[in-house]
Amino acid sequence: MPYARVEVTGDAAEMLRHLSTTYGRLMFHQSGGCCDGSSPMCFPVGMFITSSADILLQTIEIEGLDPIEFYMSASQFEYWKYTHLTIDIVPGRGSGFSIEAPEGKRFLIRSRMLTDEEIEYFGLFKKVPL
Amino acid sequence: MIGAQSSNDQLEKILSYIDIGKQEGAKLLIGGERSDLGGELSGGFYMQPTVFEGNNSMRIFQEEIFGSVLSLTSFKDYDEAIDIANDTLYGLGAGVWSRSADTLDHYQQTKNLLVSYAEGPMGFF
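Residues numbered from 1 in each chain as written. Chains lettered and ligands numbered in written order. Predicted model: local features only at pLDDT ≥ 70, side-chain atom pairs only at ≥ 80, totals over all residues.

K.L.:
Got a minute to help me understand the overall build of chain A in this structure?
P.N.:
If you tally the helices and strands in chain A, you get three helices and seven strands. In sequence order, chain A lays out its α and β elements as β-α-β-β-β-β-α-β-β-α. Taking 2.2 N^0.38 as the reference for a compact globule, 130 residues should give roughly 14 Å; the C-alpha atoms of chain A span a radius of gyration of 15 Å, in line with that estimate. Principal-axis analysis of the C-alpha atoms places the extent of chain A at approximately 45 × 35 × 30 Å. In chain A, which comprises 130 residues, the share counted as buried stands at 29%. Sequence separation of at least 24 residues holds for 52% of the intrachain contacts in chain A that already meet a minimum separation of 6. (Helix = DSSP H or I, 4+ residues; strand = E, 2+ residues; numbered from the N terminus. Rg over C-alpha atoms; globule rule 2.2 N^0.38 Å. Buried ≥ 20, exposed ≤ 12 C-beta atoms within 10 Å, placed from the backbone. Contact = placed C-beta atoms within 7 Å.)

Written as C-alpha cells, this is what we have:
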C-alpha cells in the first residue's frame with residue numbers, strides 16, 4: 001500500500017518491540033476525551049475491547065512483531081480523517097493506563113495534514129476553507 | 001505567569017496540538033511556544049498562554065488539549081453560537097456571557113431543553 005494513515009518512529013518501534021516481549025500481541029486505541037485524553041493508548045490485544053463504534057485506521061507492520069492494529073472511535077475520526085498520524089515516544093511521568101507508562105515513557109501522536117495525493121488515495125474530498 | 005505543566009509528556013502533547021492547529025490553518029494570535037523562565041526555572045515544563053482563532057471543525061477546537069491554549073471562533077447570532085456549542089463529542093461545561101439581559105434570560109429558559117434533547121453534550125464556550 002503506497003500510503004499509510006498511521007506510522008511509527010524508530011524510537012516508538014523500539015519500545016513496541018520491548019513491550020511485546022512482556023505483553024505479546026499489542027494494539028492501540030486513540031483516546032479522545034478526558035483523563036489520558038488525546039493520547040494513543042497501547043494495550044495487549046484483548047485488554048481493550050473495541051466495538052462497531054471504533055474504526056481500524058491502520059495495521060502497523062514492524063519487523064519481527066505481530067501486526068499492530070490502531071483504532072479510533074468513528075465519531076472522533078470524522079475530525080481526524082484529514083491528518084496523518086505518527087506514533088512517537090517521549091519521556092513521561094510514569095502514570096496512566098497505557099502499558100509503556102511504567103517505563104517512564106509515553107507514546108505521543110505527531111500529526112500532519114494529508115497531502116493531496118493521500119487525500120485522493122483515501123477517498124476524501126478536499127476540505128474547503130471557510 | 002502560568003504554572004508548569006504536570007509532566008514533560010503533557011507539555012509535548014500541548015506543543016503537538018499547537019503544531020496541528022497551525023497546519024489546519026488556525027491563526028496564532030499570541031503565544032504558541034514553550035516558555036523558558038530562566039534561572040532555576042529553566043528547563044521547567046512551562047508553556048506560554050496561547051490563543052488561536054479558527055473554526056469549530058478544527059482539532060484544536062474539538063479536542064481536549066489540557067493546556068494553556070484557548071481557541072476562539074466567531075458567530076453571527078445566538079442560534080449559531082448554540083449550534084457551535086452543541087457541535088462537540090465531549091459536552092462538559094457551557095456558559096454564556098452577554099451584555100443583554102434578554103439573551104441571558106433566553107439562554108436560561110431554553111438551555112434545559114437543549115440538554116434533554118441532546119442527552120448531555122452542551123458544548124464548551
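On we go from here.
K.L.:
Help me out: how do you make sense of the overall build of chain B in this one?
P.N.:
Each helix and strand in chain B was counted, giving four helices and three strands. Long-range pairs, those at least 24 residues apart, make up 56% of the contacts in chain B with a sequence separation of at least 6.

K.L.:
Just to check I follow, could you spell out the interface of chain A and chain B for this structure?
P.N.:
A common way to express how large an interface is: the accessible area buried when the components associate. In this complex, chain A contributes 24 residues to the contact, which on the side of chain B involves 21 residues. Counting only elements with at least two residues in the side of chain A that touches chain B, the list comes to helix H2 (74-80), strand E6 (83-91) and strand E7 (105-113) of chain A. When residues in the side of chain A that touches chain B are grouped by element, the largest group, seven residues, is from E7(A). Here the residues of the side of chain A that touches chain B are counted per class, giving ten nonpolar, ten polar and four charged. (Nonpolar A, V, L, I, M, F, W, Y, C, P; charged D, E, K, R; others polar.)

K.L.:
Help me out: how do you make sense of helix H1 (residues 10-23) of chain A in this one?
P.N.:
The periodicity of an α-helix, 3.6 residues per turn, causes residues three or four positions apart to be oriented the same way. Residue and element names in this part refer to chain A. For H1, built from 14 residues, the straight-helix expectation of 20 Å at 1.5 Å per residue is met to within 8% by its first-to-last C-alpha distance of 20 Å. By the burial criterion, the buried members of H1 are Ala12, Met15 and Leu16. Down the axis of H1, the sector holding all buried residues measures 105°, keeping them to one side. Of the exposed residues in H1, the ones pointing more than 90 degrees away from its buried face are Gly10 and Thr21. Against the buried residues of H1 lie strand E1 (6-8), strand E2 (26-30), strand E5 (68-73), E6 and E7. Count one or two residues on from H1 and you reach Gly24, which has phi positive near 80°. (Expected span 1.5 Å × (residues − 1). Arc of directions from axis to C-beta.)

K.L.:
Can you help me understand the environment of A:Ala4 in this one?
P.N.:
For A:Ala4, the position within the fold is in the segment before E1. Once the C-alpha coordinates of A:Ala4 and A:Ile62 are considered, the two residues, 58 residues apart in sequence, prove to be 13 Å apart.

K.L.:
Please explain the confidence of the model for chain B as it appears in this structure.
P.N.:
Detailed reading of the predicted coordinates is not advisable wherever pLDDT is low. Residue and element names in this part refer to chain B. Confidence in the prediction of chain B, expressed as mean pLDDT, is 83, and 88% of residues score 70 or more. Under a pLDDT of 50 for its full length, residues 113-125 has, in the predicted model, 29 contacts with residues more than four places off or in other chains. Note on the complex model: pTM 0.84, ipTM 0.81. (pLDDT = per-residue confidence, 0-100.)

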